[in-house]
There are 2 protein chains.
Amino acid sequence: MNGASSLLAALVGAEVDTCFANPGTSEMHFVAALDAVPAMRGVLCLFEGVATGAADGYARLAGRPAATLLHLGPGLGNGIANLHNARRAGSPVVNVVGDHATYHSRYDAPLQSDIESLARPVSGWYRRSARPDDVAGDALDAVAAACGPPGRVATLVLPADVSWSETTAPVPPVPVRRPASPVAPETVETLAKALGSGEKSAILLGGGALGQRGLAAAARVAAATGAALWCETFPTRLERGAGRPPIERLGYFGEFVEAQLAGVRRLVLAGARRPVSFFAYPNKPSDLVPPGCDVQVLAGAGDDAPGSLEQLAEAVAAPPATPGAPAARPERPTGSLDAESLAAAVGALLPEGAVVVDESNTSGIFVAGATAGCPPHDWLTLTGGAIGYGLPVATGAAVAAPGRRVLCLESDGSAMYTLQALWTQAREGLDVTTVLLANRAYAILNLELSRVGAGAGGPVASSLLDLSRPDLDFVALATGMGVPASRATTADELVAQLARSLTEPGPRLIEAVLPGLG
Amino acid sequence: MNGASSLLAALVGAEVDTCFANPGTSEMHFVAALDAVPAMRGVLCLFEGVATGAADGYARLAGRPAATLLHLGPGLGNGIANLHNARRAGSPVVNVVGDHATYHSRYDAPLQSDIESLARPVSGWYRRSARPDDVAGDALDAVAAACGPPGRVATLVLPADVSWSETTAPVPPVPVRRPASPVAPETVETLAKALGSGEKSAILLGGGALGQRGLAAAARVAAATGAALWCETFPTRLERGAGRPPIERLGYFGEFVEAQLAGVRRLVLAGARRPVSFFAYPNKPSDLVPPGCDVQVLAGAGDDAPGSLEQLAEAVAAPPATPGAPAARPERPTGSLDAESLAAAVGALLPEGAVVVDESNTSGIFVAGATAGCPPHDWLTLTGGAIGYGLPVATGAAVAAPGRRVLCLESDGSAMYTLQALWTQAREGLDVTTVLLANRAYAILNLELSRVGAGAGGPVASSLLDLSRPDLDFVALATGMGVPASRATTADELVAQLARSLTEPGPRLIEAVLPGLG
């Protein structure tokens, strides 16, 4: 077999059986090998940022990596924004980048590029396969590095001649996956004592602590100690809804976080980072830990966050269980469509087992509240701040979780970075409902303009934050990529269209026309 | 004034008065400053790859740089593919990347990124502004570095606090622009003798040699010495058409180049690189110089290629002028629409002064021939091989050259990387006609699959090179971004729609439905 077939055999042997691909000439042997290794599912994406975002979404739902297939440095470049988000999500991704043949690089052909320099900032692991005999082992090392824990982007560069040359080297055995590290009992004991001190305390949960197991244990600790529970601002995957332990997210704006954490003297981090401001603002703090608050880490990256919370619950003699969020849904809204009625529509209809991919930004501020009592569902967010994550992550999540409805709440400005994901949803027949939140502005930037102290903005500045002139017609855009679409201008229309989409197979886009912030 | 205003003042003082922008929070002071510096035209792009490609196209037509405005590492990442193309084009670009405030980076906020590692591979110059007092000088250094010669991508990183803090430092004087280096008389003499030796010779022109001045001088040298003239495969800007010196491009496939250069014993490079294969293929050469051929450089990057060719013409006692290409146009085609009738339609209608942005790939193979005798026009190509250059470069070219019609010949697969450019064309009312060549496949990859020796491809491989299931509807996609659009399924329809578009103001897209290669 050739290097490409060896690579694919190694990947599927390690349970990496989905590849989000946007190939070029240097990847043709990889593509050809897909027919010889039918266990690998190749999913064509029309843009690399769709492929990398889909791999992120896949990993968040499947709990194991997908592969990508990208074309040299420029193809990797197009995928970097969503690899950045995947890195911040701790998502395992096996990022395969094709390159020129090893002997061809010195000719400085047009696509010659410094792949390593581009890849390093988003990769927790990087290797260039040097020989076809090495490829299978390199692939298994990449999978192991990707899986961590913590999950990483593992970039494997595959030169064309390594791909096309023959190898007789056997595929090595798949290494046993390394478990998350248990937390030292002394750490647990120390924190148990600290939480019992009577000082105002809070536990900030992030990463793997936001699954049901971690949340249940954290809720028990909170019940026993009085500590407040908070969810990091941008969770990778939050399991929530009726019957599950309720938890509120820290706010996006620093002043909200300051209010949320006011008076806290002891902050325990379980799978979360220390809270910091998303951006810097003149005369506002970057560090959002309250003054005088002691910060202690229960579980860091790569640690067993749910297990550590269970240990902590035992150490504080917590009750065996706490009540979950009560089941509740808003009424189906009628009348005008705005951020509140939009949220009510989602809350009234969200089905059990739904995967919500939230890139709703300003338009979605009421949705979390309106869905807190919906049947159990997962909530995915923009972990790295690189907008254009929603449609690709929804695509990958749907590939990973057939039978579950994916609801993508997508802002108009963000949608335009990676709109090509819709075509892959159509080709693969994925059960994704996109509610496209069309307020026809980079509304968040209108807020930020004054928050950074730049004033209200003159007419030129305003025009650069405005998405009208011309209005984007997302019904036409979705239809053009083969996704059925409709427009909702009232709450009633949104309810009717959303209800229909949630029960019909395949993708649909609903353009929800919302008032601007002005 | 603040750092942002100082930056803008310095840029407009150095004749950089157009900025293709996709800003975020860390760039809000730059955006706000646009109202204070009205000489700077801010052009909003909905995706960074549009901004960087537009800056490339602008530079190719204006001969001076535009600025970009990108948002941290992920925004830069989205712009890398077209910066790669700009780098290979030798286009001057002042690539401004906003970053977190200097003091904020250590908090590792979600958008923290290694901008330098991402920027270096595509940048000929890189600097991070450290203080508001430095910004104006940094901007002038960036402009000087961008202008070269040779033209470069100069990346200037602008931390948010450097942008928002006050400065009283005056804007330094604009440095005198460095001219291209003259070529040493001995080099010219040596090459004049070599070309007079009677051995079969060829001159390969590239870069700045492909303007009228360089072409005219090269044609005189050819007339005097019998040397063949060739244009590099992917010129940045080729001035051609009736009355201008005709020149043929080297082919894309190595075997074509081998045939074109067969028997050449002496190859002179004037602004061009040594010819190499675009990709590596098993058992095919990477270096396309014929065996035994001596390669000599008349003018390299940064040298005065047109001047050196004029010197050479004098040295070989060339005639004062040679005849230009004869005026000729194909008949307006009728009947079925295919690659030949498409080419005839373009040749029949291309207006004088047109700027052709060619990303037609396999569908456009006959267009160059059909337009060789059209009224004088410019031809821009994909210099770096990173597809998705056409629509953005057409956008920037139209901004740089008002009053000239831009004709973008765009393949369907390539169009989907940076389709958002259409919205900017609509907003700015640019005179761009896009002929969207819809053969519903990555047709070039179907060819490459067999050329790399991977066989015909099984059903899985074929599906990854196929853009149908579902078909993309480019009329809907363009309409959704505010660009009037129509579909041509016959040659007659294409002629009628193209004729109309070439005389009406503003953008239009024509989807030309072409048969597949199979």
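Note that the structure is a prediction, hence the values are computed from the model and not measured. (Residues numbered from 1 in each chain as written. Chains lettered and ligands numbered in written order. Predicted model: local features only at pLDDT ≥ 70, side-chain atom pairs only at ≥ 80, totals over all residues.)

Things to note about the interface of chain A and chain B
Much of the literature gives interface size as the accessible area that the parts lose upon coming together. The interface is formed by 84 residues belonging to chain A together with 84 residues belonging to chain B. In the side of chain A that touches chain B, the residues fall into 47 nonpolar, 27 polar and ten charged. (Contact = placed C-beta atoms within 7 Å. Nonpolar A, V, L, I, M, F, W, Y, C, P; charged D, E, K, R; others polar.)

Structural notes on helix H6 (residues 135–147) of chain A
Residues and elements named next belong to chain A. Under the 1.5 Å per step criterion, the end-to-end length of H6 is 18 Å for 13 residues, consistent within 8% with the ideal 18 Å. The buried fraction of H6 amounts to ten of the 13 residues, a majority that puts the element mostly inside the structure. Of all the positions in H6, only Val135, Ala136, Asp138, Ala139, Leu140, Ala142, Val143, Ala145, Ala146 and Cys147 are classed as buried. The inward-facing, buried residues of H6 abut helix H1 (3–13), strand E4 (93–99), strand E5 (125–128), strand E6 (153–159) and helix H7 (160–164). Immediately beyond the C-terminal end of H6, within one or two residues, lies Gly148, with a positive phi of roughly 65°. (Helix = DSSP H or I, 4+ residues; strand = E, 2+ residues; numbered from the N terminus. Expected span 1.5 Å × (residues − 1). Buried ≥ 20, exposed ≤ 12 C-beta atoms within 10 Å, placed from the backbone.)

Description of the packing of helix H8 (residues 185–195) of chain B against helix H11 (residues 305–315) of chain B
Residues and elements named next belong to chain B. The geometry of H8 relative to H11 is characterised by a closest axis approach of 9 Å and an angle of 50° between their N-to-C directions. When the axis of H8 is compared with that of H11, the two are oblique. Here H8 and H11 pass one another in a crossing that is right-handed. Judged by residue contacts, Val188, Glu189, Leu191 and Ala192 of H8 engage Ser308, Gln311, Leu312 and Ala315 from H11. Classifying every residue of the contact of H8 with H11 by side-chain character gives five nonpolar, two polar and one charged. (Axes fitted to C-alpha atoms, helices over the stretch in contact; angles between N-to-C directions. Parallel < 35°, antiparallel > 145°, perpendicular 65-115°, else oblique. Left-handed = near helix turned anticlockwise from the far one by under 90°.)

A word on the sheet that holds strand E18 (residues 508–513) of chain A
Residues and elements named next belong to chain A. Taking strand neighbours across the sheet as the criterion, the seven strands line up as E9-E14-E13-E15-E16-E18-E17 in an open arrangement whose pairing is mixed. The open sheet has two free edges, formed respectively by strand E9 (238–240) and strand E17 (485–488), since each of these has just one partner strand. Adjacent strand axes in the sheet meet at a mean angle of 20° when their direction is disregarded. Bridging between E9 and strand E14 (residues 377–381) involves three bridges; their strand directions are antiparallel. Bridge pairing in E14 places Arg240 opposite His377. (Pairing = 2+ DSSP bridges.)

Details of H1(A)
Residues and elements named next belong to chain A. Here H1 lies mainly inside the structure; ten of its eleven residues are buried. Along H1, the residues classified as buried are Gly3, Ala4, Ser5, Ser6, Leu7, Leu8, Ala9, Ala10, Leu11 and Val12. Buried residues along H1 sit in contact with helix H2 (28–33), strand E3 (66–71), E4, H6, E6 and H7. Positive phi shows up at Glu15, right after H1, with a value of about 65°.

Some thoughts on the domain arrangement of chain A
Residue and element names in this part refer to chain A. Partitioning chain A into structural domains gives domain 1 (3–164), domain 2 (185–315) and domain 3 (339–513). One C-alpha centre belongs to domain 2, the other to domain 3, and the line joining them spans 29 Å. Contacts between domain 2 and domain 3 engage 16 residues on the former and 17 residues on the latter. Considering each element in turn, the side of domain 2 that touches domain 3 owes the most residues, three residues, to E9. (Domains from an automatic or database assignment.)

With respect to the pairing of strand E15 (residues 406–411) of chain B
Residue and element names in this part refer to chain B. Within E15, six of the six residues are buried, which leaves the element mostly enclosed by the surrounding structure. The alternating pattern of E15 places Val406, Cys408 and Glu410 and Leu407, Leu409 and Ser411 on opposite faces, both of which are buried. Relative to E15, strand E13 (residues 355–359) is paired through five bridges, and the arrangement is parallel. Across the sheet, Asp358 pairs through a bridge with Leu409, a residue of E15.

So, the relation of the copies chain A and chain B
Relative to chain B, chain A is turned by 180° and slid 0.0 Å along the rotation axis, the superposed coordinates differing by an RMSD of 0.0 Å. Read as a symmetry element, the transformation amounts to a two-fold axis. Most of the interface of chain A is mirrored in chain B, where 100% of its interface residues again form contacts. (Least-squares fit on C-alpha atoms with pLDDT ≥ 70 in both.)

Let's talk about unusual backbone geometry
Omega for the peptide link from A:Gly148 to A:Pro149 comes to 0°, which places this bond in the cis form. Structurally, A:Pro149 can be placed in the loop between H6 and E6. Backbone torsion omega between A:Arg469 and A:Pro470 reads -10°, so that peptide bond is classified as cis. Within the secondary structure, A:Pro470 is located in the loop between helix H18 (459–464) and helix H19 (474–480). Here A:Arg469, not a glycine, exhibits a phi torsion of approximately 55°, which is positive. Among the structural elements, A:Arg469 can be located in the loop between H18 and H19. Classification of A:Arg469 by C-beta neighbours within 10 Å gives partly exposed; the count is 13. Of note, the phi angle at B:Asn361 is positive, near 50°, even though the residue is not glycine. Tracing the backbone through its elements, the reader meets B:Asn361 in the loop between E13 and helix H13 (367–371).

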